[in-house]
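Spelled out from the first residue to the last, the chains are:
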Amino acid sequence: MIPYGRQSIDENDINAVVNTLKSSWLTQGPAVPTFEAALTQYCDVKHAVAVNSATSALHLACLALGVQKNDIVWTSPNSFVASANCAIYCGATIDFVDIDPNTGNLSVHALDAKLAKAKELGTLPKVVIPVHFAGQSCDMKAIASLAKKYNFYVIEDASHAIGGKYCEQPVGSCQYSDITVFSFHPVKIITTMEGGAALTNSSELARQIQLMRSHGVTANQDEMTEESHGPWYYQQVQLGFNYRMNDVEAALGASQLTKLTQFVEQRNELASFYNDAFRKQDKITPLDVMTDCYSSYHLYVIKCTSLNSDSHRAAIETLRDKGIFAHVHYIPIHLQPFYQNLGFKNGDYPNAEQYYKQAITLPLYPSLSEEEAQYVVDTTVEVVSQLSN
Ligand SMILES: *Cc1c(COP(=O)(O)O)cnc(C)c1O
């Protein structure tokens, strides 16, 4: 079976992990700040805080921005549930902004219209979380100008997008946002097994996130309320969590990061191969990539507008029968039972719902061979045309 995504681990990665296992630090130690420094350099940003998942990074990003009960957070329905759950963890209210069906990203037009309405109703969001779907940045300049006009914070959920660029800047530079979050889950662009990071140019936000990733406990005299009792002393100054990244993960991350540029180039080459093949087909539409974006191509998604719900399902089942582990990204978050219980329903975000019925994620990862990619093209074309009406 050809998977839809998989990690690339080489001997250097394995050595980095083994060397760390033989060192005196296993949990958060010297490898973590080394990895963080490499991230800040790659992304041209002031601070990076590594944590145990992107989910934790999203949670701490919301808390650092002061999200709490009675606050409102908006995100895209075309994402993994973690993009919305982070607001719920803080006791805030979540709402969604429908997508641009050509990119799968949050629609700036829909955002603009929803903000104008929310202003009248007094329901403006405190934070908006655009998700860089499949590795392509959202239109951050437009989102940043709306953030200024309507006074909200921006957290980029860039779980798909490390190694991508927007207007020549690396994703993660936070030029148009307060905080950017990455995921290092194995299916993402680079991996630490489990892991994530929050990046920011604000030293205060970085300090808050650092404090909260480890129980809200500090050994730093500057952050204490009284003189230290001695060299053993620490204080818990606020409520935090155990969201630390460990040194083994960080060592793997630093090793993976040295290959990020190459991984993203390989992903782009394969994506071009797919794009060239599928653009000759009238029943298969690759996602658009905007001219000011360099996608990291975490996912390769096609839209099949001649399929309906039943034939879409049949297409994915047939592809799997033929050895291609096709997938669907994403089931709209608002249609998950948990979110339906909060009052969301079918029909709320029609573009995301329609997109879900026609999108197919095909295999894409650096070690996918040309023969495999050709097999994916031939099989997908055959299956989609047979099932189209
Ligand atoms: C993978 C993913 C997450 C969660 O990442 P973890 O590191 O597994 O917590 C959040 N948002 C998006 C868009 C993702 O794809």
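Residues numbered from 1 in each chain as written. Predicted model: local features only at pLDDT ≥ 70, side-chain atom pairs only at ≥ 80, totals over all residues. Heavy atoms only, no water.

Peer 1: Just to check I follow, could you spell out the domain arrangement of the protein for this structure?
Peer 2: One frequently used descriptor of interface size is the decrease in accessible area upon assembly of the parts. When cut into domains, the protein gives domain 1 (11-257) and domain 2 (260-387). Computed over C-alpha atoms, the centres of domain 1 and domain 2 are 26 Å apart. Residue-level contacts link 39 residues of domain 1 with 35 residues of domain 2. Taking both partners together, domain 1 and domain 2 bury about 3200 Å²; carbon and sulfur atoms supply 61% of that area. It is F96, Q136 and I189 that lose the most area in domain 1 upon contact with domain 2, and together they represent 17% of the buried surface on that side. Here domain 1 is connected to domain 2 by zero salt bridges. Remark: the boundary between domain 1 and domain 2 carries 24 residue pairs in polar contact (both at pLDDT 80 or more). Elements supplying a minimum of two residues to the side of domain 1 that touches domain 2: α4 (82-89), β3 (93-96), β6 (165-166) and α8 (247-257). Residues of the side of domain 1 that touches domain 2, tallied by class, amount to 21 nonpolar, 13 polar and five charged. (Domains from an automatic or database assignment. Contact = heavy atoms within 4.5 Å. Buried area = accessible area lost by both parts, 1.4 Å probe. Salt bridge = Lys/Arg side-chain N within 4 Å of Asp/Glu carboxyl O. Polar contact = N/O pair within 3.5 Å; in protein donor to acceptor, adjacent residues only side chain to side chain. Helix = DSSP H or I, 4+ residues; strand = E, 2+ residues; numbered from the N terminus. Nonpolar A, V, L, I, M, F, W, Y, C, P; charged D, E, K, R; others polar.)

Peer 1: Where do I start with the site of the ligand in this structure?
Peer 2: Not every one of the 15 residues close to the ligand is listed here, only the nearest: T55, D157, H160, S183 and K188. One of the side-chain nitrogen or oxygen atoms of Y330 is found 3.3 Å away from an oxygen atom of the ligand. Residue assignment for the shell around the ligand shows that the elements contributing at least two residues are α3 (54-64) and α4. Each residue belonging to the shell around the ligand can be placed in one class, and the counts come to five nonpolar, eight polar and two charged. (Near = heavy atom within 4 Å.)

Peer 1: Looking at this structure, I do not really get the packing of α3 against α4. What am I missing?
Peer 2: In a pair of packed helices, the angle between the axes and the distance between the axes together describe the arrangement. One can describe the packing of α3 onto α4 by two numbers: an axis separation of 9 Å at closest approach and a directional angle of 45 degrees. As judged from the angle between their axes, α3 and α4 are oblique. Note on packing geometry: the crossing formed by α3 with α4 is right-handed. Note on element contacts: α4 touches α3 through A82, S83, C86 and Y89, opposite T55, L58, H59 and C62. Of the residues that constitute the contact of α3 with α4, the class distribution is five nonpolar, three polar and no charged. (Axes fitted to C-alpha atoms, helices over the stretch in contact; angles between N-to-C directions. Parallel < 35°, antiparallel > 145°, perpendicular 65-115°, else oblique. Left-handed = near helix turned anticlockwise from the far one by under 90°.)

Peer 1: I would appreciate a short explanation of the environment of W74 in the present structure.
Peer 2: Along the chain, the position of W74 falls in strand β2 (residues 72-75). Once the C-alpha coordinates of W74 and T192 are considered, the two residues, 118 residues apart in sequence, prove to be 28 Å apart.

Peer 1: For this particular structure, what's the right way to read the UniProt feature "active site" (unreviewed entry) in the protein?
Peer 2: Under the feature "active site" (unreviewed entry), the UniProt entry names K188. Take K188: it is sitting in the loop between β8 (179-183) and β9 (196-200). On the basis of relative accessible area, K188 is assigned to the buried category, the value being 15%. Contacts of K188, omitting those with residues within four sequence positions, involve S159, H160, S183, R267 and H298. Within the structure, K188 has its side chain in polar contact with the side chain of S183 (distance 3.4 Å). (UniProt positions renumbered as here; feature names shortened; annotations may be inferred. Buried < 20%, exposed > 50% of the residue type's maximum accessible area, 1.4 Å probe, protein only.)

Peer 1: Would you mind showing me how to read the sheet that holds strand β14 (residues 300-303) here?
Peer 2: Strands belonging to one sheet form pairs held by backbone hydrogen bonds; the direction of such a pair is parallel or antiparallel. Strand order in this open sheet of three strands is β12-β14-β15, and the pairing throughout is antiparallel. The sheet is open, and its two edges are formed by β12 (285-286) and β15 (359-362), each paired on a single side. One ladder, built from two bridges, connects β12 with β14; its direction is antiparallel. Residue pairing in the sheet places T285 in a bridge with K303 of β14. (Pairing = 2+ DSSP bridges.)

Peer 1: Help me understand the pairing of β14, please; the structure alone is not making it clear to me.
Peer 2: The two faces of the sheet receive side chains in turn, since in a regular strand these alternate between them. The two faces of β14 match: Y300 and I302 on one face and V301 and K303 on the other face are all buried. Sheet topology note: the β14/β15 ladder contains four bridges and is antiparallel. Bridging across to β15, V301 finds its partner in T361.

Peer 1: What exactly am I supposed to notice about the pattern of salt bridges here?
Peer 2: Side-chain pairing between opposite charges can occur once the charged atoms of the two side chains come close. Evaluation of the coordinates by the stated rule reveals ten salt bridges. In this structure, K322 and E382 form a salt bridge, with 3.7 Å as the shortest nitrogen-oxygen distance. With K322 in the loop between α10 (309-321) and α11 (337-340) and E382 in helix α13 (residues 370-387), the pair connects residues that are 60 residues apart, well separated along the chain. A residue is classified by how much of its surface remains accessible, and E382, at 37% relative accessible area, is partly exposed.

Peer 1: It is not clear to me how the side chain of S255 should be interpreted in this structure. Could you clarify?
Peer 2: Position of S255 relative to the elements: it lies in helix α8. Judged by its relative accessible area of 11%, S255 falls in the buried class. Beyond its immediate sequence surroundings of up to four residues, S255 is in contact with N12, D13 and A16.

Peer 1: Sorry, what's going on with the sheet that holds strand β5 (residues 153-157) here?
Peer 2: Pairing within the open sheet is mixed, and its seven strands lie in the order β1-β9-β8-β5-β4-β2-β3. Edge positions in the sheet fall to β1 (47-51) and β3, since each of these pairs with one other strand and no more. Taken over all neighbouring pairs, the strand axes of this sheet differ in orientation by 20 degrees on average, direction set aside. Sitting on the sheet, helix α5 (residues 108-121) is in contact with β2, β3 and β4 (127-129), with an inclination near 160 degrees to β2.

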